[in-house]
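The lines below spell out each chain.
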Amino acid sequence: MPELWPEVLGHIAKMSNAHSGALLIIDPKLPPLFAATPNVIDTLAEFARTPYWYENPPAHRLRSIKYSGFLERADFFTHDEINSDNPYHANMEKIGAAWQVGSVIDMPDGEMALFTFERGHGLPDFDAGELARLDTFRPHLARASMLASRLKLDRAQASVATMNVLGIPACVVAATGVVLAVNRLFEALGEALRPAAFGRLAARDRHIDKLLQAALPGPGQTSQPEVRSFPMRRSEGDPAIVVHIIPLHRSASDIFDSGAAIVAVTGYSVTGNLPSDTVLRGLFDLSVAEAGIATELSAGKTVKEIALLRGVSLATVRTHLAQIFRKTGTNQQGQLIALLKGISGHSED
């Protein structure tokens, strides 16, 4: 729901004692795509008409840090960029901001989603507690911006057929847990994800089905699910897919026929290249160490080799691995390795 991004950014800004917030989707293959709170949208629109939108050294520097959270402006701006006459400092002056935090989330198709929040003159910089609060939103922002980038920030149509055109298998689930609508790509998943008793959605794999039922809306859901993105296989030997449960609220629920959640599927290619660890951190909320260990396992290293390479104990690597299993919904190294051998859009082939 692109028209709701300004309101969402405004609410997050308010909770973090910021006065503005913005989302920028930056990719040389795309025109400038952005959303922001009303008090900075004109400045952002003006900036989007300049070549600095794509050059943007601070944004690319923040991306290269590969930090799975929000950082203060001083961590990704040079001294000259903060203090001298340049478009980035000029933008801060135009909106009356003295402090800024940002976070980059890498998208599967190569674009980056940049979130920033700003605070005005006369106020202290963002403290550790405020940054930690912003970090709790990051996995949800990752899932939302992933869809926003695929939808190119245009309004979604009132049907999952739109997501079929975009190459995204999807279905809409009501608050009761009943499947309301599916598209052709979702139907093509076959028995891996299928309607079950009373119209609910079920996964063939029992372990995956347990994660799915915990994440889906329904009368028995009493708390927020811990895992909303998890990998699974259509069948033995097939490329793995990743299932994302995306809650729908308010206007979004109306657009999708009063649905309570979208179940969207993206594909991982077993024979592809290793995914960026920033993509893994964005989708699964892995820490830097966890993402690094996951990619090293995918590259063929053993737990013992990883421990030696990182200069840590076997117990430390195994502790990180347990967290990786929990966050990704996997339970075996072989399953994890197969799932992380490359990321791409879903294909019918």
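Before reading on, note that the structure itself is shown above.
This section reports on the structure supplied with the text. Model, not experiment: these values are computed from the prediction.

**A word on the overall build of the chain**
And then number 1: The helix and strand inventory of the chain stands at 16 helices and 13 strands.
And then number 2: For the chain, the residues scored as buried account for 51% of the 349 residues in total.
And then number 3: Within the chain, residue pairs in contact and separated by at least 24 positions form 58% of the contacts whose partners lie at least 6 positions apart.
And then number 4: Carbon and sulfur atoms provide 56% of the accessible area of the chain, an area that totals close to 15,700 Å².

**Section: the pairing of strand β2 (residues 33–36)**
And then number 1: One ladder, built from 4 bridges, connects strand β1 (residues 20–26) with β2; its direction is antiparallel. The residue of β2 that forms the bridge with Ala22 is Ala36.
And then number 2: Connecting β1 to the antiparallel partner β2 that follows it, the hairpin turn spans 6 residues.

**Focus on unusual backbone geometry**
Note: most residues except glycine have negative phi, and most peptide bonds are trans.
And then number 1: For Asn17, which is not a glycine, the phi torsion comes out positive at approximately 60 degrees.
And then number 2: Mapped onto the secondary structure, Asn17 falls in the loop between α1 (5–15) and β1.
And then number 3: Using a relative accessible area of 47% as the deciding quantity, one classes Asn17 as partly exposed.
And then number 4: Positive phi outside glycine occurs at Asn56, with the angle close to 30 degrees.
And then number 5: On the secondary structure map, Asn56 appears in the loop between α3 (52–55) and α4 (57–65).

**Quick notes on the nonpolar core**
And then number 1: Counting residues in hydrophobic clusters, the biggest one holds 24 residues, and the most contacted among them are Trp5, Phe70, Phe115 and Phe117.
And then number 2: Elements with a contribution of two residues or more to this core: α1, β1, β2, β4 (97–106), β5 (112–120) and α7 (128–150).
And then number 3: Considering every element that reaches this core, the biggest residue donor is α7, with 6 residues.
And then number 4: Not counting residues up to four positions away in its chain, the partners in contact with Phe117 are Leu9, Ile12, Ala13, Ala18, Ser20, Gly21, Phe70, Trp99, Gln100, Val101, Phe126 and Leu134.

**Quick notes on the layout of surface pockets**
And then number 1: For the second largest pocket, the calculated volume is near 260 Å³.
And then number 2: For the second largest pocket, the full set of lining residues is Arg204, Asp205, His207, Ile208, Met232, Arg233, Ser235, Glu236, Asn331, Gln332 and Gln335.
And then number 3: Broken down by secondary-structure element, the contributors of at least two residues to the lining of the second largest pocket are α10 (206–215) and β10 (229–233).
And then number 4: By residue class, the composition of the lining of the second largest pocket is 2 nonpolar, 5 polar and 4 charged.

**A closer look at empty space enclosed by the protein**
And then number 1: Throughout the structure, instances matching the rule amount to 3 cavities of 30 Å³ or more.
And then number 2: There is about 350 Å³ of room inside the largest cavity.
And then number 3: Around the largest cavity, the lining comprises 21 residues; the ones closest to its centre are Leu44, Asn91, Gln100, Thr116 and Glu118.
And then number 4: Of all the secondary-structure elements, those providing two or more residues to the lining of the largest cavity are β1, α2 (41–48), α4, α6 (87–94), β4 and β5.
And then number 5: Looking at side-chain class alone, the lining of the largest cavity contains 14 nonpolar, 6 polar and 1 charged residues.
And then number 6: By volume, the second largest cavity amounts to about 50 Å³.
And then number 7: If you go around the second largest cavity, you meet 10 residues; those closest to its centre are Leu62, Arg63, Lys66, Tyr67 and Val104.
And then number 8: Looking at the lining of the second largest cavity, the elements that each hand over two or more residues are α4, β4 and α12 (277–284).
And then number 9: Ranked by residues supplied to the lining of the second largest cavity, first place goes to β4 with 3 residues.

Cut-off values and rules
Residues numbered from 1 in each chain as written. Predicted model: local features only at pLDDT ≥ 70, side-chain atom pairs only at ≥ 80, totals over all residues. Heavy atoms only, no water. Helix = DSSP H or I, 4+ residues; strand = E, 2+ residues; numbered from the N terminus. Buried < 20%, exposed > 50% of the residue type's maximum accessible area, 1.4 Å probe, protein only. Contact = heavy atoms within 4.5 Å. Areas by Shrake-Rupley, 256 points an atom, 1.4 Å probe, with all protein chains shown as cover. Pairing = 2+ DSSP bridges. Core = buried A, V, L, I, M, F, W, Y, C linked by side-chain atoms within 4.5 Å. 1 Å grid on protein atoms, 1.4 Å probe; cavity = no way out; pocket = protein on both sides within 12 Å on 5 of 7 lines; lining within 4 Å. Points joined across faces, edges and corners; volume = space filled by probe spheres on them. Nonpolar A, V, L, I, M, F, W, Y, C, P; charged D, E, K, R; others polar.

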